[in-house]
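Listed below are the residues making up each chain.
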Amino acid sequence: MSHSTISDSPFQPAHVAILGLGEVGRIYGTALAEAGHRVTGFDPYLQESPAGVEVADTLEKAVEDAQIVVILTAASASRSVAEAAAPVLAPGAVYADFTSSGPTEKRQLTSVFEGREDVRLVDVAILGPVIQLGTSTPLMAAGPAGETVAALMRPLGTPVEVVGGDLGDAMAHKLLRSVFMKGLASVVVEAVGAGRGAGMEEWIRGQIAGVLAGDGQAVIDRFLTGTAKHAARRAAEMRSTSAYLADLGVHGEMTEASMTALERMAGDGKPS
């Protein structure tokens, strides 16, 4: 049996194996098949076969002769899947872990592939809801095969940012972003809920929109300098805010967290 490898430039149709055929795996699998790639897949909990994907009954059969293997399992299965796949991957294969495993777990995959120096690894972070955005969901890739994944996915309309560094660095970027994005989303939900409870939803929406539409860097600088400087006063204000939300019957977890953080800053005089 002959094997071929994938270069880091746009390539001809390839054999792509997808391990994990949940909603995201089905979306990517069907899109890759429609783009002309041969796509095989395996999922022990398969509920629905994706269009265009040849579903194998074992992991070994799915990855046999595959040039690039995409891992879309749960994060908890990342290492066990790597351990099962490492001995049976084709020579020169690309192994792309798209799971939401943390940076440390991604870096530890290198130990799984000791003795398979021919296999090129890549850490891929998914930066949005694939179920909503499909293949237009942005990706970030880090590791030896980052450009290969970019060459595979960009023709599908997928924005792919390749960052310098090692395995885990893509997920590190994503998790740092999550501090802001998930926190911001939770604060907005809480603030709008409070506004609704107070009969002032449109007003608070306007306040939020005004901040988000402003000079982003200036807002960041203002937050960085002002938050620690005025932490004691703001902590007291957030205690009052928390009590007010309780009166409204609105959940105030983010307000409580802000109060705690401000109290800590007031105590140590530092923003972090």
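Heads up: the structure comes first, above all this text.
A brief structural summary.

About the cut-offs
- Residues numbered from 1 in each chain as written.
- Predicted model: local features only at pLDDT ≥ 70, side-chain atom pairs only at ≥ 80, totals over all residues.
- Heavy atoms only, no water.
- Helix = DSSP H or I, 4+ residues; strand = E, 2+ residues; numbered from the N terminus.
- Rg over C-alpha atoms; globule rule 2.2 N^0.38 Å.
- Buried < 20%, exposed > 50% of the residue type's maximum accessible area, 1.4 Å probe, protein only.
- Contact = heavy atoms within 4.5 Å.
- Areas by Shrake-Rupley, 256 points an atom, 1.4 Å probe, with all protein chains shown as cover.
- Lys, Arg positive; Asp, Glu negative; His and termini not counted.
- Charge placed at Lys NZ, Arg CZ, Asp CG, Glu CD.
- Polar contact = N/O pair within 3.5 Å; in protein donor to acceptor, adjacent residues only side chain to side chain.
- Expected span 1.5 Å × (residues − 1).
- Core = buried A, V, L, I, M, F, W, Y, C linked by side-chain atoms within 4.5 Å.
- Axes fitted to C-alpha atoms, helices over the stretch in contact; angles between N-to-C directions.
- Parallel < 35°, antiparallel > 145°, perpendicular 65-115°, else oblique.
- Pairing = 2+ DSSP bridges.

## So, the overall build of the protein chain
Then comes step 1: A tally of regular secondary structure across the protein chain gives twelve helices and eight strands.
Then comes step 2: Computed over C-alpha atoms, the radius of gyration of the protein chain comes to 23 Å, more than 25% over the 19 Å expected from 2.2 N^0.38 for 272 residues, which places it beyond the range of a compact globule.
Then comes step 3: When the 272 residues of the protein chain are sorted by exposure, 43% land in the buried category.
Then comes step 4: Pairs at least 24 apart in sequence give 61% of the contacts found in the protein chain among residues at least 6 apart.
Then comes step 5: Summing over all exposed atoms, the protein chain offers an accessible surface of approximately 14,100 Å²; the carbon and sulfur share of this is 56%.
Then comes step 6: The average position of the 21 basic charges and that of the 32 acidic charges among the side chains of the protein chain differ by 7 Å.

## A word on the environment of Arg154
Then comes step 1: For Arg154, the position within the fold is in the loop between helix H7 (146-153) and strand S8 (160-162).
Then comes step 2: Once the C-alpha coordinates of Arg154 and Leu139 are considered, the two residues, 15 residues apart in sequence, prove to be 9.7 Å apart.
Then comes step 3: In contact with Arg154, other than residues within four places in its own chain, are Glu147, Val160 and Val162.
Then comes step 4: At a separation of 2.6 Å, a polar atom in the side chain of Arg154 contacts the main-chain carbonyl oxygen of Val160.

## Considering helix H10 (residues 216-229)
Then comes step 1: Between its first and last C-alpha atoms H10 spans 20 Å; for 14 residues at 1.5 Å apiece the expected length is 20 Å, and the two agree.
Then comes step 2: Looking at H10, one finds that the buried residues are Val219, Gly226, Thr227 and Ala228.
Then comes step 3: The elements touched by buried residues of H10 are helix H9 (201-212), helix H11 (231-248) and helix H12 (253-268).
Then comes step 4: A distance of 3.3 Å separates the backbone nitrogen of Gln217 from a side-chain oxygen at the start of H10, and that oxygen is part of Asp215.

## Here's the deal with the nonpolar core
Then comes step 1: Grouped together as the largest cluster of nonpolar side chains are 27 residues, with contacts concentrated most on Ile18, Phe98 and Met153.
Then comes step 2: Elements supplying a minimum of two residues to this core: strand S1 (15-19), helix H1 (23-34), strand S4 (68-71), strand S5 (94-97), strand S6 (120-126), strand S7 (139-142) and H7.
Then comes step 3: Ranked by the residues each element gives to this core, the list is headed by H7, at four residues.
Then comes step 4: Every residue in contact with Phe98, bar those within four places of it in the chain, is listed here: Val70, Ile71, Leu72, Lys106, Val124, Ile126, Leu139 and Val149.
Then comes step 5: Listed in part, the 23 residues of the second largest apolar core include Phe42, Ala62, Ala85 and Val112.

## Focus on the side chain of Thr158
Then comes step 1: In this structure, Thr158 sits in the loop between H7 and S8.
Then comes step 2: Assessed through its relative accessible area of 3%, Thr158 is described here as buried.
Then comes step 3: Of note is the side chain of Thr158, whose polar atom sits 2.4 Å from the backbone oxygen of Thr135.
Then comes step 4: Beyond its immediate stretch of four places on either side in the chain, Thr158 contacts Thr135, Thr137, Leu139 and Met153.

## So, the packing of helix H8 (residues 169-197) against H9
Axes are the key here: two packed helices are described by the angle between their axes and the distance separating the axes.
Then comes step 1: With their axes 7 Å apart at the nearest point, H8 and H9 run at an angle of 150 degrees to one another. Taken as axis vectors, H8 and H9 run roughly antiparallel relative to one another. Here H8 contributes Leu184, Val188, Ala191, Val192, Gly195 and Arg196 to the contact with H9, which in turn contributes Glu201, Ile204, Arg205, Ile208 and Leu212.

## Observations concerning the sheet that holds S1
Then comes step 1: Taken in spatial order, the eight strands make up an open sheet running S3-S2-S1-S4-S5-S6-S7-S8, and their pairing is mixed. The open sheet is flanked by strand S3 (53-55) and S8, the only strands paired with a single partner. For this sheet the average axis-to-axis angle between neighbouring strands, irrespective of direction, equals 25 degrees.
Then comes step 2: Relative to S4, S1 runs parallel, the two being bridged by four bridges. Across the sheet, the residue bridging to Leu19 is Ile71, located in S4.

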